[in-house]
Amino acid sequence: MATLRIPVRSDKAEVAGRTDALRTWLARPADILPLVVLRVAFGALMLWSTARFVARDWVHEFYIAPQFHFTYLGFGWVKPLPPAGMYLVFGLLAGCAVAVLLGWRYRLGVTLFFLLFTYVELLDKSYYLNHYYFISLLSFLLIWLPANGAWSLDARRQPALVRSTVPAWTVRALQVQIGLVYVFAGLAKLTPDWLIHALPLRIWLPAHSDFPLLGPLFDQVWTAYAFSWAGALYDLMIPFLLLWRPTRRPAFAAVVAFHVTTRLLFPIGMFPWIMITATLVFFTREDFAQALRWLGVHHFCTWTVAPVPQPDQGPVARSKRGWMTWAVVGVLPLFFVYQLVMPLRHWAYPGDVHWTEEGYRFAWKVMLVEKTGHVRFLVTETATGRKWPVTARTELTPQQEKQMAFQPDMILQYARHLAAQYAAAGHAVEVRAEAYVSLNGRTGRLLLDPTVNLAAAHNDLGHKRWILP
Amino acid sequence: MILGSLAGCGRGAQAPFDREAMLNGLVQRVIVPVHDAAAAEAATLAAAAHAFAGAPTPANLAALQEQWRRTALAWKEAELYAFRDVMILHSQIDKWPTNERFIEGFIAGTERLDAAFAADVGSTSKGLPAVEYLIFDPKRPPDALVADFTAGAAGERRRQYVAALAQDLAAKTAELAAMWAGPDGQGAAFIAAATPGEDLNGSISMLTNEMIVLLEDIAQHKLGDPMGHLSFGVPAPTFVEAGRSGASLALIRADLQGLTRAFHGGDAPDDVGLDDYLTYLDAEYEGQPLAAVISAQIDAALAAVDAVDPPLRVAVETDPDAVQAAYDAIEQLLVLVKVDMANHLGVTVTFSDNDGD
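All values derive from a computational prediction rather than experimental measurement. (Residues numbered from 1 in each chain as written. Chains lettered and ligands numbered in written order. Predicted model: local features only at pLDDT ≥ 70, side-chain atom pairs only at ≥ 80, totals over all residues. Heavy atoms only, no water.)

Asks: Outline the pattern of salt bridges, supporting the account with residue identities and numerical values.
Replies: Per the counting criterion, the structure on display carries 35 salt bridges over all chains. A salt bridge links A:Arg245 to A:Asp287; its shortest N-O distance comes to 3.3 Å. One end of the pair, A:Arg245, is in helix H12 (residues 245-265); the other, A:Asp287, is in helix H14 (residues 285-294), and 42 residues separate them in sequence. Residue A:Arg245 is classed as partly exposed on the basis of its relative accessible area of 42%. Ionic pairing is found between B:Lys172 and B:Asp168, a salt bridge with its closest N-O pair at 2.9 Å. Of this pair, B:Lys172 and B:Asp168 both sit in helix H9 (residues 152-181), four residues apart, which is roughly one turn of the helix. There is no split in this pair, since B:Lys172 and B:Asp168 are both buried. Salt bridges sharing partners connect three or more residues here, namely B:Lys76, B:Glu79, B:Asp94, B:Lys222, B:Glu241 and B:Asp255. (Salt bridge = Lys/Arg side-chain N within 4 Å of Asp/Glu carboxyl O. Helix = DSSP H or I, 4+ residues; strand = E, 2+ residues; numbered from the N terminus. Buried < 20%, exposed > 50% of the residue type's maximum accessible area, 1.4 Å probe, protein only.)

The structure is reproduced here in structure tokens:
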């Protein structure tokens with residue numbers, strides 16, 4: 001027994017030693033600069049993004065005008081506020097973005113931003129976008145990071161907050177966050193459609209054959225292959241190339257080139273700017289200084305915080321560590337485990353996730369499908385046996401109807417809603433859905449079993465057996 | 001496998017498809033002519049209404065009715081092109097259903113019922129459906145209908161209103177035709193915005209969307225509502241479009257005819273249209289060229305509509321199977337356009353622009 005115990009003990013000691021080493025590595029002081037650069041840039045982008053959203057009248061179009069909303073499972077209680085309330089939410093979002101930008105009551109500002117932004121996103125899954133999800137995650141992460149330690153009104157108001165260094169894990173956590181997005185987006189591209197058939201780029205690129213200079217190339221099939229393979233390699237490698245000093249600058253050039261190209265070719269809004277900005281967190285002070293010298297700014301160090309690392313931050317800073325200790329031992333490990341599980345959960349469902357969409361959201365599946373659908377609900381009155389079709393376009397907005405047409409969970413939600421509406425009018429009905437979907441240029445076919453009464457089907461996380469293979 | 005796939009696709013060797021030329025052809029060969037034809041018929045309608053207002057005889061009424069039919073049929077070939085910039089004109093020309101109560105209110109009122117009045121009045125009180133309401137009534141003999149227009153002061157106001165409406169209709173259709181034909185007009189903008197997916201104004205995207213909207217409108221409203229889709233499965237003949245004239249089915253036919261010409265880019269076999277673009281993109285449907293499948297389905301839908309005995313308001317009750325067959329054929333066509341064609345073209349089938357990723 002004793003002979004067994006000894007190696008166990010030495011393992012424990014080794015583990016403890018490694019844990020200590022990890023702890024030391026995570027806690028060692030690192031320059032605060034990447035953190036504050038990200039904070040300022042994120043605040044500015046969110047301000048722009050919120051203003052753009054309001055200016056395009058999307059508050060009204062997405063959250064006020066629609067009569068029905070596709071809420072997320074378990075979040076059915078999240079409802080839009082009356083119009084004035086919705087505009088107030090967007091006003092507050094802009095205000096929070098300014099607070100983050102200026103570092104004014106930063107922690108309150110970024111917490112409120114996270115809560116309000118996530119509230120808006122939870123209202124309707126028709127508008128789900130990976131980059132909105134990324135913003136929710138990033139703002140949540142920023143709650144736990146001391147990004148107001150420099151270049152902030154908070155630091156001016158409370159000199160005790162001023163710090164030139166932060167524990168290394170704070171910067172690493174942001175790098176891991178961005179790395180996860182890219183790597184999972186890259187893994188998601190390792191499919192036969194993307195790599196072997198160059199789909200959907202093969203469908204999308206020819207539409208741009210009158211693009212300046214590059215246009216004629218987009219009519220060539222090999223261009224779609226080149227873009228597909230380059231895109232997958234880019235996503236898989238870029239976090240590592242950004243991390244490694246010798247490749248950092250060319251990697252950032254690739255980031256800019258990649259995202260600007262996608263912005264020029266596809267209507268993807270703010271996503272490119274957000275990703276370009278986020279990768280700045282891989283830069284060191286020397287990278288920033290070099291970049292600024294290159295842009296003709298030579299006095300960078302004089303208008304930034306003192307670059308000398310100060311391991312001891314004084315009594316006030318130490319008291320703040322309580323908050324961050326909680327973050328590093330309690331919240332963030334769970335946060336990242338969750339993020340490792342979410343993109344992989346689709347493997348728990350049978351069938352092709354691009355077709356079934358089970359586990360498709362929150363998984364960095366970006367630009368993988370050209371999908372079009374048409375759904376018609378067939379209502380049968382139980383008492384009389386009379387049947388009639390219902391199209392959703394009367395009640396839904398075109399955007400909602402388009403998204404619903406190829407997403408089984410949304411079709412189910414709407415079918416149940418229809419049944420409830422008829423029931424409220426005194427007609428017990430069964431509702432079936434005839435949904436035709438085309439995925440990446442394949443002939444449109446039935447998505448769901450048209451004989452299943454969806455009014456009686458369950459809406460949960462389990463596999464929906466009525467999705468046809 | 002990759003090489004095989006590359007070699008299997010012949011597009012690389014082909015000359016690039018000239019979308020702008022396709023759209024230019026569509027404008028010159030189809031869009032401008034159908035709008036001109038509608039405007040010409042509407043001008044004749046205005047003359048017929050004027051003649052009837054001057055001499056309200058059964059013969060003049062019959063002539064007016066006949067000209068209304070011709071105008072409506074010509075107009076329906078243009079109904080497809082209800083792009084955002086011309087949407088208001090479209091509803092001023094043809095907003096259905098018309099508001100009978102408002103119309104009777106104007107006639108019973110005291111305002112001067114001239115062209116200026118008709119120009120100002122809301123879309124539900126004018127255009128083709130309002131004229132139809134005034135000059136057709138399947139429940140009464142023509143003499144009784146003519147009597148409405150001759151009976152005293154009210155009759156005179158009714159004559160004034162029908163003439164004013166016809167005149168406004170002629171003006172609006174002429175305005176729309178001019179917009180399409182002009183060098184800086186809708187037609188030029190349509191051709192310039194040739195890139196689909198680029199933004200919502202991409203013409204191919206817009207055209208596809210309008211084809212979808214038209215087919216949905218036919219299936220859901222022009223056929224579905226009278227079939228009982230709004231009334232718990234019980235047929236509702238009053239919901240037919242153009243029920244008074246009995247032209248419902250003919251108008252649906254004209255809608256489909258307009259759609260055919262838009263799809264083929266003209267009437268001649270070598271006119272270049274969306275069908276040729278689909279073929280260029282190697283779009284297939286179960287191994288067949290998608291363009292041919294859509295073309296065949298348009299023919300099937302036309303045949304199914306023709307197989308219904310007019311008028312539709314009667315057929316929904318006496319021959320529901322035939323109406324159902326027409327509905328099914330149009331739904332099938334809708335699926336081909338909205339699901340398969342839209343997928344191959346990679347067009348965004350929405351009106352609202354949004355960030356995507």
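Asks: With reference to specific residues and values, describe the interface of chain A and chain B.
Replies: Frequently, the measure chosen for interface size is the accessible area that the parts lose on association. Between chain A and chain B, the residue contacts involve 62 residues of the former and 54 residues of the latter. Taken over both partners, the interface formed by chain A and chain B buries close to 4700 Å², and the fraction arising from carbon and sulfur atoms is 50%. Where chain A packs against chain B, one counts four salt bridges. The residue A:Arg393 makes a salt bridge to B:Asp217 at a minimum N-O spacing of 3.8 Å. Counting across the chain A and chain B interface gives 19 residue pairs in polar contact (both at pLDDT 80 or more). Within the residue set of the side of chain A that touches chain B, elements represented by two or more residues are helix H3 (58-64), helix H6 (130-143), helix H10 (201-204), helix H11 (221-243), strand S3 (371-381), strand S4 (387-390), helix H17 (398-404) and strand S5 (429-439) of chain A. Here the side of chain A that touches chain B takes five residues from S3(A), the largest share from any one element. (Contact = heavy atoms within 4.5 Å. Buried area = accessible area lost by both parts, 1.4 Å probe. Polar contact = N/O pair within 3.5 Å; in protein donor to acceptor, adjacent residues only side chain to side chain.)

Asks: Summarise the packing of H12(A) against H14(A); cite the residues concerned and give the values.
Replies: Residues and elements named next belong to chain A. Running from N to C, H12 and H14 point in directions that differ by 45 degrees, and their axes come no closer than 12 Å. With respect to H14, the axis of H12 lies oblique. The two elements H12 and H14 meet at a crossing, and its hand is right-handed. Residues Arg245, Arg248 and Arg249 of H12 lie in contact with H14, whose contacting residues are Glu286, Asp287 and Gln290. For the contact of H12 with H14, the residue count by class is no nonpolar, one polar and five charged. (Axes fitted to C-alpha atoms, helices over the stretch in contact; angles between N-to-C directions. Parallel < 35°, antiparallel > 145°, perpendicular 65-115°, else oblique. Left-handed = near helix turned anticlockwise from the far one by under 90°. Nonpolar A, V, L, I, M, F, W, Y, C, P; charged D, E, K, R; others polar.)

Asks: Go over the environment of B:Phe17 with me, naming the residues and quoting the values.
Replies: Secondary-structure assignment places B:Phe17 in the loop between helix H1 (2-8) and helix H2 (19-54). B:Phe17 has contacts with A:Asp219, B:Met22, B:Val272, B:Gly273, B:Asp276, B:Tyr277 and B:Tyr280, leaving out every residue within four places of it along the chain.

Asks: An account of the side chain of A:His417 is requested, with residue identities and associated values reported.
Replies: Considering the arrangement of structural elements, one finds A:His417 in helix H18 (residues 408-424). In this structure A:His417 comes out as buried when scored by relative accessible area, which is 17%.

Asks: I'd like a description of the side chain of A:Lys365, backed by residues and values.
Replies: Residue and element names in this part refer to chain A. With respect to the secondary-structure elements, Lys365 resides in the loop between helix H16 (353-356) and S3. No salt bridge forms around the buried Lys365; measuring N to O, its nearest opposite-charge neighbour Asp352 is 7.5 Å away. Ignoring anything within four residues of it in the chain, the contact list for Lys365 reads Asn130, Ala188, His346, Val353, Gly359 and Tyr360. (Lys, Arg positive; Asp, Glu negative; His and termini not counted.)

Asks: Give a description of the packing of aromatic side chains that names residues and reports values.
Replies: Summed over all chains, the structure comprises 48 aromatic pairs over all chains. Ring centres of B:Phe83 and B:Trp180 lie 5.9 Å apart, and the angle between their planes is 55 degrees; on these two criteria the pair is classed as tilted. Placement of the pair is B:Phe83 in the loop between helix H3 (58-76) and helix H4 (87-93) and B:Trp180 in helix H9, with a sequence separation of 97 residues. By relative accessible area, which is 1% here, B:Phe83 ends up buried. A relative accessible area of 1% places B:Trp180 in the buried class. Connected via pairs of aromatic rings, a cluster forms that spans A:Phe53, A:Trp58, A:Phe62, A:Tyr63, A:Phe90 and A:Tyr127. (Phe/Tyr/Trp six-rings, centres within 6.5 Å; stacked < 30°, edge-to-face > 60°.)

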